[in-house]
Amino acid sequence: GFFFNTMYNVVDTYFAGYLSTEALAALSLSFPVFFIIIALSSGISTGTAAILANALGRGNLEEARHRAKQAISFGIFLAIALTVIGLVSAPALFRILGAESAYLETALAYINPIFFGSAFFVFSFLFNAMLNSRGDTKTFRNVLIVGFFLNILLDPLFMFGWGPLPAFGIAGIAWATVLIEFLGALYMAYKVHQTGMLSGMTLSSLRPEKEAYKEISAQGFPAGLSMMT
């Protein structure tokens with residue numbers, strides 16, 4: 001799965017090269033910022049998988065379901081925070097990394113759609129955590145493989161346009177990624193639904209609980225920080 005995930009980035013780089021060297025440079029500059037989303041999402045996923053697996057190991061399915069719903073609630077707040085903070089801070093971050101004028105605009109054209117799609121990255125990882133806690137590591141692998149092949153089709157389609165679809169340029173690479181993450185999260189949500197882990201979910205069950213949030217943070221953020229550093 002991670003092989004195809006790496007090749008996914010190779011495809012992005014390949015098609016960005018058709019635009020300009022500036023587009024390639026903007027893609028490279030955006031990666032450390034993009035990776036913050038990945039690292040935090042992955043960290044929370046690791047923490048959630050550990051918490052759910054422990055509850056399931058104790059034979060306490062109700063506790064596992066409750067923790068899964070709290071993880072969804074936590075993910076909503078994390079996604080909102082990543083989107084808002086990312087959109088606000090991205091220009092300053094890129095300037096620190098040396099981007100100016102047209103180079104800065106190109107980098108922002110790529111990263112802004114990624115921030116708008118933060119929720120899909122977060123929930124893709126969270127749903128994978130729920131599947132992992134039940135021993136399912138194949139679904140995410142399949143999503144990564146299919147995502148790679150979809151990316152080969154969608155990158156040029158969104159970059160150069162086709163028919164009524166306008167050409168988005170480098171932003172097209174980002175929108176292709178966001179769409180693929182959305183489809184992946186949707187499919188994994190379906191797989192989680194089949195397990196019954198989120199059965200009985202209501203708005204009241206998503207109400208934040210201090211202890212649950214504390215446990216998810218204590219398990220997740222160290223893992224995310226480790227990957228980020």
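Structure: above.
What you see is a predicted model; the values in this text were computed from it and never measured. (Residues numbered from 1 in each chain as written. Predicted model: local features only at pLDDT ≥ 70, side-chain atom pairs only at ≥ 80, totals over all residues. Heavy atoms only, no water.)

Draft legend 1. Fine view of the overall build of the protein chain. Within the protein chain, the regular secondary structure consists of 8 helices and 0 strands. Ordered by position in the sequence, the α and β elements of the protein chain form the string α-α-α-α-α-α-α-α. Relative to a compact globule of 229 residues, whose C-alpha radius of gyration would be 17 Å, the protein chain shows 18 Å and is just as compact. Considering the protein chain as a whole, with its 229 residues, one finds that 46% of them fall into the buried category. A separation of at least 24 residues holds for 82% of the contacts in the protein chain among residues at least 6 apart in sequence. When the accessible surface of the protein chain is split by element, carbon and sulfur atoms take 68% of a total near 11300 Å². Here the protein chain contributes 12 positive and 12 negative side-chain charges, whose respective centroids are spaced 13 Å apart. (Helix = DSSP H or I, 4+ residues; strand = E, 2+ residues; numbered from the N terminus. Rg over C-alpha atoms; globule rule 2.2 N^0.38 Å. Buried < 20%, exposed > 50% of the residue type's maximum accessible area, 1.4 Å probe, protein only. Contact = heavy atoms within 4.5 Å. Areas by Shrake-Rupley, 256 points an atom, 1.4 Å probe, with all protein chains shown as cover. Lys, Arg positive; Asp, Glu negative; His and termini not counted. Charge placed at Lys NZ, Arg CZ, Asp CG, Glu CD.)

Draft legend 2. Layout of a nonpolar patch on the surface. A contiguous nonpolar patch, built from Y14, Y18, L19 and F160 and spanning about 430 Å² of accessible area, is present on the exposed surface. Mapped onto the elements, Y14 comes out in helix α1 (residues 2–16). (Patch = residues over 30% accessible without salt bridge, like charges linked within 9 Å, V, L, I, M, F, W, Y side chains within 5 Å. Salt bridge = Lys/Arg side-chain N within 4 Å of Asp/Glu carboxyl O.)

Draft legend 3. Helix α8 (residues 210–228), seen in detail. Counted at 1.5 Å a residue, the expected span for α8 with its 19 residues is 27 Å, and the 25 Å between its end C-alpha atoms agrees. Those residues of α8 that fall on the buried side of the exposure criterion are A212, Y213, I216, G220 and G224. Those residues of α8 that are buried lie in contact with α2 (21–57) and α3 (61–96). (Expected span 1.5 Å × (residues − 1).)

Draft legend 4. The arrangement of the nonpolar core in detail. Core analysis: the largest hydrophobic core is formed by 57 residues, its most contacted members being F94, Y110, I111, I114, F127 and M130. Put simply, the parts of the chain that give this core at least two residues each are α1, α2, α3, α4 (101–116), α5 (118–132), α6 (138–160), α7 (170–195) and α8. Considering every element that reaches this core, the biggest residue donor is α2, with 12 residues. Residues in contact with M130, not counting those within four places in the same chain, are L52, A68, I72, V192 and L198. If you look at the next biggest cluster of nonpolar residues, it comprises 5 residues, including Y8, L154, A176 and I180. (Core = buried A, V, L, I, M, F, W, Y, C linked by side-chain atoms within 4.5 Å.)

Draft legend 5. The arrangement of the packing of α3 against α8 in detail. It is at 10 Å that the axes of α3 and α8 come closest, and there the two elements cross at 75°. On the basis of the axis angle, α3 is roughly perpendicular to α8. Of the residues in α8, those in contact with R67, Q70, A71, S73, F74 and F77 of α3 are A212, Y213, E215, I216, S217 and F221. The residue inventory of the contact of α3 with α8, partitioned by class, reads 7 nonpolar, 3 polar and 2 charged. (Axes fitted to C-alpha atoms, helices over the stretch in contact; angles between N-to-C directions. Parallel < 35°, antiparallel > 145°, perpendicular 65-115°, else oblique. Nonpolar A, V, L, I, M, F, W, Y, C, P; charged D, E, K, R; others polar.)

Draft legend 6. Expanded view of the packing of α6 against α7. The interhelical angle for the contact between α6 and α7, taken along N-to-C directions, is 150°, at an axis separation of 9 Å. Judged by the angle between their axes, α6 and α7 are roughly antiparallel. For the crossing formed where α6 meets α7, the hand is right-handed. Across the interface between the two elements, T139, F140, V143, G147, L150, N151, L154, D155, F158 and M159 from α6 touch G172, I173, W175, A176, L179, I180, L183, G184, Y187, M188 and K191 from α7. The residue inventory of the contact of α6 with α7, partitioned by class, reads 14 nonpolar, 5 polar and 2 charged. (Left-handed = near helix turned anticlockwise from the far one by under 90°.)

Draft legend 7. Expanded view of the packing of aromatic side chains. For the structure shown, the criterion picks out 16 aromatic pairs. For the pair F4 and F149, a centre-to-centre distance of 6.1 Å together with 45° between the ring planes defines the contact as tilted. Linking F4 in helix α1 with F149 in helix α6, this pair joins segments that are 145 residues apart in sequence. We classify F4 as partly exposed; its relative accessible area is 22%. Since its relative accessible area comes to 45%, F149 is described here as partly exposed. Summarising the aromatic geometry, the rings of F34 and F121 are spaced 5.4 Å apart at their centres and angled 80° between planes, so their arrangement reads as edge-to-face. In this pair, F34 sits in helix α2 while F121 sits in helix α5, placing the two residues 87 residues apart along the sequence. No difference in accessibility class separates F34 from F121, as the two residues are buried. Through successive ring pairs, a cluster of aromatic residues spans F3, F4, F148 and F149. (Phe/Tyr/Trp six-rings, centres within 6.5 Å; stacked < 30°, edge-to-face > 60°.)

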